[in-house]
Amino acid sequence: MKKNEDNLKAIIGHAKEYGFVFPSSEIYDGLSAVYDYGQYGSELKRNIKEYWWKSMVQMHENIVGIDAAIFMHPTTWKASGHVDAFNDPLIDNKDSKKRYRADVLIEDYIAKIEAKIEKEIAKAQKRFGEAFDLEQFKSTNPNVLRNQKKIDEINASFKEAMNNEDMPAIKQLIEDLGIACPVSGSKNWTDVRQFNLMFSTEIGSVADEANKIYLRPETAQGIFVNFLNVYKTGRMRIPFGIAQIGKAFRNEIVARQFIFRMREFEQMEMQFFVRPGEEMKWYEYWKETRIKWHKKLGIPDEFYRFHDHVKLAHYANAAADIEFKFPMGFKELEGIHSRTDFDLKQHEKYSGKKLQYFDPELNKSYVPYVVETSIGLDRMFLAILSYAYQEEKLEDGSQRIVLKIPAPLAPVKVAVLPLVKKDGLPEKAREIIDSLKADYYCQYDEKDSIGKRYRRQDAIGTPVCITVDHQSLEDNTVTIRDRDTMQQERIALDEIEKLLKQKVDLKNLLV
Ligand code: GAP
């Protein structure tokens, strides 16, 4: 079993070797925390987007999608609070000259204690086997209780300092916990200070303050400023949602862990407009709906957990993350936020326009409350890739690397392989591809032994391989090989479509 960091390294190496993710502008040594998606990566990304879009928009009569511009009027960001409050606490180590997010140093410290608890649980699970009772163990084991108490105490001080934006208190906590720089091992820290994460540039030809605009740090504001347009033109009735997929930009202080934290990334966000006072009901509804969306992919439950926010963003009255067990531990994958009427009210104030909804049932106008679901597309990509990447030892002693990507999201759905490059088998294989390619992304491969070709398809996560052999010419049957079980079965040509519908159709995830 690989260590976590080695596992992430192996995934990064695999992603590059097989055309999923490349460092941006690599011939110039790359650009920190910016990545390009290759031939298979862009397919996987497109499929994740389609799964999200169809689930959120197509499957909900009361949710519509938009595509707003990245550049927005600069007042947007004043109104939203991002100019004043979209900051991360920053700290430098004086010896290594390395820069860190102070909150991340503390979170990493907590994660180490959590890892100790997990280790203790795993040990006990092994010892007690079937009879193991997790809840009882957690509430009685002295080591677990001691470590949990430590976590709760740190969280309490951390929450207080973050909520009060008390930078000296955050530094004090780092010193009290004895947190050292991971590079130099030194505890020689600067003061903690706030750092705004927005990228700015100038619009037009004259570069001065008046022309300064920002690259959007979240897609949500494009939805808020279009609230009235969509409500009026779409004849929407509350509760209703507006969804969007698009790029966002943040000048992250600590850019690491591959595509987990990027400076240019993509978000899939939905703002759900509700009656004031009903937001907690919808907040619970969306928490449940979103976790179901994740679990439908067949990744085991133990990879997910909810985490309530320690520090609420300036706009929220409740917020939770869906966390995923990445190779580097449980980390945020998606946020569900009850954003109150903060954004629309702020835009009313700054624009002077009324951003209200007339509720025919109540016969009055009001500023709706908003529940938001927000997931990073790249982070979802990493979650899938890190779960899917598996090194398996086979019965014959050999090893295979396989990407067990949920079949409907796999970049290539079907590979069609003639057993040999002659005797009319390539032509037959091409005929099969021609009959399938309008519906499924297919790949033809005739090079190397059939075993090597199966391995190549395993490595890019192709769920189904169809092998054409001499018997195929005689009786119109082919061999179907399943990626995960490696089982092979012979079926008639006219059964292929039905089998693919069962195995790889996105529809299976939507019902
Ligand atoms: N509109 C709300 C919002 O932007 P957030 O928690 O800051 O909330 C939402 O971001 C999601 O966007 C996160 O859960 C994460 O999946 C993704 N995300 C945020 N920053 C990211 C980054 N630097 N790189 C990749 N994904 C990021």
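Let us look at the structure shown here. Residue numbers run consecutively from 1 along every chain, following the written order of its sequence. Local features are withheld for residues below a pLDDT of 70 in this predicted model, meaning they are given only at 70 or higher, and side-chain atom pairs are given and counted only at 80 or more; totals for whole chains, interfaces and linings count all residues. To get the side-chain values, take all heavy atoms of the structure and skip hydrogens and water.

1. Description of the overall build of the protein
Put simply, the test is: Only runs of H or I of at least four residues qualify as helices and only runs of E of at least two qualify as strands under DSSP, and these elements are numbered from the N terminus. As defined in this context, the radius of gyration uses C-alpha atoms, and a globule is described by 2.2 Å times the residue total to the power 0.38. The buried label goes to any residue with under 20% of its type's maximum accessible area, the exposed label to any with over 50%, and the partly exposed label to all in between, with areas taken from a 1.4 Å probe on protein chains only. Working rule for contacts: check all heavy atoms of both residues, and any pair within 4.5 Å makes them a contact. Throughout, the Shrake-Rupley method with a 1.4 Å probe supplies accessible areas, and for residues the shown protein chains are the sole cover considered. When charges are counted, neither His nor the chain ends are considered; positive counts come from Lys and Arg and negative counts from Asp and Glu. To locate a charge, take atom NZ for lysine, CZ for arginine, CG for aspartate or CD for glutamate.
From N to C terminus, the protein includes 18 helices and 23 strands. For 511 residues, the compact-globule estimate of 2.2 N^0.38 gives 24 Å, and the C-alpha radius of gyration of the protein, at 26 Å, lies within 12% of that figure. Taken along its principal axes, the extent of the C-alpha atoms in the protein is 75 × 60 × 55 Å. In the protein, buried positions account for 51% of the 511 residues. Long-range pairs, those at least 24 residues apart, make up 67% of the contacts in the protein between residues at least 6 apart in sequence. Accessible surface computed for the protein: about 25,200 Å², of which carbon and sulfur atoms make up 49%. Between the mean site of the 77 positive side-chain charges and the mean site of the 80 negative ones, the protein shows a separation of 2 Å.

2. Remarks on the site of the ligand
Put simply, the test is: When we say a residue is near a molecule or strand, we mean one of its heavy atoms is within 4 Å of it. In the analysis that follows, any N or O atom pair within 3.5 Å is treated as a polar contact, provided that within protein one partner can donate a hydrogen and the other can accept it, and provided that, for residues neighboring in sequence, both atoms belong to side chains. Gly falls in the polar group here, along with every residue not listed as nonpolar (Ala, Val, Leu, Ile, Met, Phe, Trp, Tyr, Cys, Pro) or charged (Asp, Glu, Lys, Arg).
The immediate surroundings of the ligand are formed by 22 residues, with Glu218, Glu252, Met262, Glu269 and Glu332 found nearest. Between a nitrogen atom of the ligand and a side-chain N or O atom of Glu218, the distance comes to 2.6 Å. Between an oxygen atom of the ligand and a main-chain N or O atom of Leu333, the distance comes to 2.9 Å. Relative to its unbound accessible area of 560 Å², the ligand is 93% covered by the protein chains. Mapped by element, the contributors of at least two residues to the shell around the ligand are strand 10 (264–274), strand 13 (329–340) and strand 16 (369–376). Here the shell around the ligand gets 6 residues from one element, more than from any other, and that element is strand 13. Of the residues assigned to the shell around the ligand, the class counts are 7 nonpolar, 5 polar and 10 charged.

3. Topic: the nonpolar core
To keep things clear, this is the line we draw: The definition of a nonpolar core used throughout is a set of buried Ala, Val, Leu, Ile, Met, Phe, Trp, Tyr and Cys residues joined through side-chain atoms within 4.5 Å. Note: domain ranges come from an automatic or database domain assignment.
In this structure, Phe20 and Leu409 are the most contacted members of the largest nonpolar core, which totals 64 residues. Broken down by element, the residue count for this core peaks at 9 residues, all from helix 13 (residues 377–388). Split by domain, the residues of this core number at least three in each of domain 1 (1–76 + 217–393) and domain 3 (406–510).

4. Digging into the sheet that holds strand 11 (residues 304–308)
As a reminder, the rule being used: We call two strands paired when DSSP finds no fewer than two bridges between them. A fitted line through C-alpha atoms represents every axis, and for helices the fit uses only the stretch in contact; the resulting angles, taken between N-to-C directions, go from 0 to 180 degrees.
An order of 3-9-10-16-13-12-11 is seen for the 7 strands of this open sheet, with the pairing classed as mixed. Looking along the sheet, the strands with just one partner apiece sit at the ends: strand 3 (63–66) and strand 11. If you compare each strand with its neighbour and ignore which way they point, the axes differ by 25 degrees on average. When strand 10 meets strand 16, the two strands line up antiparallel, connected through 8 bridges. Paired with Val274 across the strands is Tyr369, a residue of strand 16. Contacting strand 10, strand 12 (318–326), strand 13 and strand 16, helix 13 runs over the sheet at an angle of about 35 degrees to strand 12.

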